[in-house]
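Examination of the molecular architecture
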Amino acid sequence: MVPMTLQRSKPVIRPLVRDLQPYVYGEQPKIKGLIKLNTNENPYPPSPKVLATIKAAVDGRLRLYPSPTSDALREKLAKLHGCQPDNILVGNGSDELLALAVRAFVEPVDAVGGRLSRRFTAPPSKATVQYFKPSYSLYPVLAAIHGAAVNAVSLEMDYSLPRGSQLRRGREWDFSAALTFVTTPNAPTGRGYATAQLDALCEATRGVVVLDEAYVDFAEENALALALKYPHVLVARTFSKAYSLCFQRVGYCVGHPDLIAALHKIKDSYNVNGLGQVAAEATLDDLNYYRENFQRIIATRETLRRELTGLGFQALPSQTNFLFVRPPKFTAEEWLLKLRERKVLVRWLGAPETREFLRISIGTDADAEALLKAARAILRQ
Ligand SMILES: *Cc1c(COP(=O)(O)O)cnc(C)c1O
């Protein structure tokens, strides 16, 4: 017997939603003493000034709506980046901005007379979301939610960007794709890309390009200037990773006022909660605290990379707050479970192009020691 609820849900849920493969979140388990290195959270808390500002904002004002367009925060961000507030949109985390970009710039396939299931005809560019493989696994989900097609283009063997000439030699790059996402520095590989190479890619690509710089504060270069140079380029940033504010959900993007205005039109009315706006503003007033943390995290990252290499791991160079490593002796999935038994949680992404690797977030030096201790014990088994 089919349960009543299943029978009834069939006709009311859109087939696209019924068949959707949703985004797979990193676990947030509540295990006592767990060393949590699986979702790239910052091991250091927000600055004391930021915490005090958030606490001071918790009063009767909570009954009021916040600024619908995060105006005070946009003013501060514009000053920081040497642009105008109308170059900036603030979002409920940068994930919201990525979703808005899909909705604003990409046609659903059936709106242009195509069919998603017609596998052997190339989907029209105006209904295509393009990205590199591997990169942030949310992009294909956002495309699927919108009923858009995807063009996932493989990176080089060493995870570098294909050179312009290789793109041109038919690496299936769609120069007219409505929207291209580039995670830079890349996740989960940790690899940084030279701004000059991103510039060439933006110049050659006609659709909108979003440079997703979630980890850029741990990198040697950033590409913010490209968002102010090209009318079709957006740079997305977040307060989550580098600024220890995952909990508050604040991100922003920078770009040409026409693109930003289009995104403003379709966002939810009060998309960024008031405490998040207050926290992000206070963060921008205390950047030196965070810059010290970046240096600490980078130092821990480099030490951990050396130590893991010494244990036989292939640890790729990283410009982020995580390492992408191919472990010795056991498969990556086995390592995930063996480390978990020892209360160290890392991330394993089971896609064909990432399944031999673990992604390990950089925590404190003590976290790194605990990970190394567990790894040595596993290797002795
Ligand atoms: C974490 C992450 C984001 C999203 O961060 P938010 O918490 O939504 O601001 C975006 N892109 C990449 C590549 C990320 O890793």
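Every value quoted in this text rests on a predicted model; they were computed, and no experiment measured them.

**Here's the deal with the pairing of strand S6 (residues 208-212)**
Of all five residues that make up S6, five are buried, and the element is covered over most of its length. Burial along S6 is two-sided: Val208, Val210 and Asp212 facing one way and Val209 and Leu211 facing the other are all buried. Where strand S5 (residues 179-183) meets S6, five bridges bridge the pair, whose relative direction is parallel. Residue Thr183 lies in a different strand from S6, and its bridge partner there is Asp212. Once the chain exits S5 it traverses helix H8 (residues 195-204) before rejoining the sheet at S6, and the crossover so formed is right-handed. At this point the chain moves from S6, through helix H9 (residues 224-229), to the parallel strand S7 (residues 233-238), and the crossover so formed is right-handed.

**A closer look at the packing of aromatic side chains**
In the structure shown here, the tally under the stated rule is 19 aromatic pairs. Note on Tyr139 and Phe181: the rings are 4.3 Å apart at their centroids and 10° apart in plane angle, and the pair reads as stacked. Taken together, the residues Tyr139 in helix H6 (residues 138-146) and Phe181 in strand S5 connect sequence positions 42 residues apart. By the burial criterion, Tyr139 is buried, and Phe181 matches it. Pairing Tyr159 with Phe324 gives two aromatic rings, centres 6.1 Å apart and planes at 70°, and the pair type is edge-to-face. Taken together, the residues span a long stretch of sequence, with Tyr159 in the loop between strand S4 (149-154) and helix H7 (164-168) and Phe324 in strand S10 (residues 322-326) at a distance of 165 residues.

**Some points on empty space enclosed by the protein**
One pass over the full model with this rule turns up two cavities of 30 Å³ or more. Size it by volume and the largest cavity reaches roughly 50 Å³. What lines the largest cavity is Thr184, Pro185, Gly192, Tyr193, Leu198, Glu213, Val216, Ala219, Glu221, Asn222, Ala223 and Gln319. Looking at the lining of the largest cavity residue by residue, the class counts come to six nonpolar, four polar and two charged. As a volume, the second largest cavity reaches approximately 40 Å³. Among the elements that make up the lining of the second largest cavity, the one with the highest residue count is helix H5 (residues 94-105) (three residues). When the residues that make up the lining of the second largest cavity are grouped by side-chain class, the tally is eight nonpolar, no polar and no charged.

What counts, and where the lines are drawn
- Residues numbered from 1 in each chain as written.
- Predicted model: local features only at pLDDT ≥ 70, side-chain atom pairs only at ≥ 80, totals over all residues.
- Heavy atoms only, no water.
- Buried < 20%, exposed > 50% of the residue type's maximum accessible area, 1.4 Å probe, protein only.
- Helix = DSSP H or I, 4+ residues; strand = E, 2+ residues; numbered from the N terminus.
- Pairing = 2+ DSSP bridges.
- Right-handed = clockwise from strand over helix to strand, strands pointing away.
- Phe/Tyr/Trp six-rings, centres within 6.5 Å; stacked < 30°, edge-to-face > 60°.
- 1 Å grid on protein atoms, 1.4 Å probe; cavity = no way out; pocket = protein on both sides within 12 Å on 5 of 7 lines; lining within 4 Å.
- Points joined across faces, edges and corners; volume = space filled by probe spheres on them.
- Nonpolar A, V, L, I, M, F, W, Y, C, P; charged D, E, K, R; others polar.

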